Amino acid sequence: MADMQNLVERLERVVGRLEAVSQASDMHRGYGDSPSKGAAPHVQAFDSLLAGPVAEYLKISKEIGGEVQKHADMVHTGLKLERALLVTASQCQQPAANKLSELLAPISEQIQEVTSFREKNRGSKLFNHLSAVSESIQALGWVAMAPKPGPYVKEVNDAAMFYTNRVLKEYKDVDKKHVEWVKAYLSIWTELQAYIKEFHTTGLTWSKTGPVAKELSGLPSGPSAGSGPPPPPPGPPPPPVPTSSGSDDSASRSALFAQINQGESITHALKHVSDDMKTHKNPALKAQSGPVRSGPKPFSAPKPGVSPSPKPAAKKEPPLLELQGKKWRVENQENVSNLVIDDTELKQVAYIYKCVNTTLQIKGKINSITVDNCKKLGLVFDDVVGIVEIINSRDVKVQDEFPVPEQFKTVWNGQKLVTTVTEIAG
């Protein structure tokens, strides 16, 4: 009897995969051309990824429904934009940096839309699913991560496993559909790593001939008879930032922005954060400051038979500046104008949460920066590989700082000081 049950389950999985491939074939009709006709080998290989794990992920997401299905449609849109870039790269030569940024902009905007959807649905019972997708959707940015796009995808995918493990723990004995969802979703990024290793080992491969790329090719012109429904339209634009009528608000904002506009001299007033002031290098500090906030608590269904207790009054969280793994957390800082992070690494990210009337400088090169739920924040940084993302925040000013070469040189000639113009200044 057990053998018969196993056989039935295997047959169901095979049928599911065949349906997924059929759906993926319909999906490709929206591109106007058959994916296997005349397309470059690396485009055909990407189409195989769309027809396999992506189609399976979309199918199971539709069965789960709700926010998971909506999120999957957004991911699908991002993958179609990525395919359009791959088609463009197969037909055109690489453009200049400023034009390349324009080509990458739709993908970057779609990544932000996926991330924002999670932030707007913090109370969802499927919050762990949404978080897994939001943490790993940055992998679509591999097209700008030369010379090591593959390791970048792996690192981003690893970040999602914290939440996929929560999904597995919650549903492994309750609903196997969610377990299959995790397998299908993670396999997208696993197979993408193999795809990148084969076709784009050191970065996105561009054609050596043809015109210089000006716009994306291969985008669907509209829904066709065999294709699925179009992706949902983007949500309404965020409400305009309210203008403060109080003189105090205006004065404090002006003072904050005046500090930012000082340019390089802003660093003169910064206070260095020594090792004994960092909680990850001084455990005694962590004990003094109470429990450390590790981001929003994911939704967990109440246990049957137990009525939920009333929520206690919200208490003020302690300020935090700490490196947790590869993530710098700067949280709950108020009225601080001299924060600085100076021992950064390329693989680290910065998450700035609920900071008010604060100035922060990040030295060195860092992977990405996220500003969440902040007010009147001044952010100064040297270099970011990925994106600077601002969510649910207002009155935020960002400044990318770089050194200015020395223009004059003053030396002692044995009798007096002599000032001359340096060679670099002409």
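Placed above this text is the structure.
Residues numbered from 1 in each chain as written. Predicted model: local features only at pLDDT ≥ 70, side-chain atom pairs only at ≥ 80, totals over all residues. Heavy atoms only, no water.

1. Regarding the nonpolar core
Okay, so step 1: Counting residues in each nonpolar core, the largest one holds 57 residues, and the members touching the most others are Tyr57, Leu85, Trp142, Trp189 and Leu192.
Okay, so step 2: Looking at this core, the elements that each hand over two or more residues are helix H2 (41-64), helix H3 (66-91), helix H4 (97-120), helix H5 (127-136), helix H6 (149-171) and helix H7 (176-199).
Okay, so step 3: Per element, the largest residue contribution to this core is 11 residues, and it comes from H3.
Okay, so step 4: Other than its neighbours up to four places away in sequence, Tyr57 contacts His71, Ala72, Val75, Val133, Trp181, Ala184, Tyr185 and Ile188. (Core = buried A, V, L, I, M, F, W, Y, C linked by side-chain atoms within 4.5 Å. Buried < 20%, exposed > 50% of the residue type's maximum accessible area, 1.4 Å probe, protein only. Helix = DSSP H or I, 4+ residues; strand = E, 2+ residues; numbered from the N terminus. Contact = heavy atoms within 4.5 Å.)

2. Overview of the packing of H5 against H6
Okay, so step 1: Contact geometry of H5 with H6 gives a least axis separation of 7 Å together with a crossing angle of 170°. Taken together, the axes of H5 and H6 lie roughly antiparallel to each other. Every pair of crossing elements has a handedness; the one defined by H5 and H6 is left-handed. Within the contact between the two elements, H5 uses Asn128, His129, Ser131, Ala132, Glu135 and Ser136 and H6 uses Val156, Asn157, Ala159, Ala160, Tyr163, Thr164, Arg166, Val167, Glu170 and Tyr171.
Okay, so step 2: Of the residues contributing to the contact of H5 with H6, the split by class is seven nonpolar, six polar and three charged. (Axes fitted to C-alpha atoms, helices over the stretch in contact; angles between N-to-C directions. Parallel < 35°, antiparallel > 145°, perpendicular 65-115°, else oblique. Left-handed = near helix turned anticlockwise from the far one by under 90°. Nonpolar A, V, L, I, M, F, W, Y, C, P; charged D, E, K, R; others polar.)

3. Re the sheet that holds strand S4 (residues 349-353)
Okay, so step 1: Spatially, five strands are ordered S1-S2-S4-S6-S8 in an open sheet, and the strand pairing comes out mixed. Both outer strands of the open sheet, strand S1 (320-324) and strand S8 (388-391), are each paired with one neighbouring strand and no more. Strand-to-strand, the axes of this sheet are offset by a mean angle of 10°, without reference to chain direction.
Okay, so step 2: With five bridges connecting them, S1 and strand S2 (residues 327-331) associate as antiparallel partners. Of the residues in S2, the one forming a bridge with Leu320 is Glu331. (Pairing = 2+ DSSP bridges.)

4. What to know about unusual backbone geometry
Okay, so step 1: In this chain, Ala146 is followed by Pro147 through a cis amide linkage whose omega measures 10°.
Okay, so step 2: Position of Pro147 among the secondary structure elements: in the loop between H5 and H6.
Okay, so step 3: Even without a glycine there, the phi angle at Asn332 is positive, about 60°.
Okay, so step 4: The residue Asn332 is located in the loop between S2 and strand S3 (339-341) in this model.
Okay, so step 5: Note on Asn332: relative accessible area 11%, which makes it buried.
Okay, so step 6: Even without being a glycine, Asn392 presents a positive backbone phi close to 50°.

5. Quick look at the packing of aromatic side chains
Okay, so step 1: Under the definition given, this model contains nine aromatic pairs.
Okay, so step 2: Measuring from ring centre to ring centre gives 6.1 Å for Tyr57 and Trp181, while their planes differ by 50°; the resulting arrangement is tilted. Of this pair, Tyr57 sits in helix H2 while Trp181 sits in helix H7, placing them 124 residues apart in sequence.
Okay, so step 3: For Trp181, a relative accessible area of 1% puts it in the buried group.
Okay, so step 4: A centroid spacing of 6.5 Å and a plane angle of 80° characterise the contact between Trp142 and Tyr195, whose relative ring orientation is edge-to-face. Here the residue Trp142 occupies a position in the loop between H5 and H6, and Tyr195 occupies one in helix H7, the gap between them amounting to 53 residues. (Phe/Tyr/Trp six-rings, centres within 6.5 Å; stacked < 30°, edge-to-face > 60°.)

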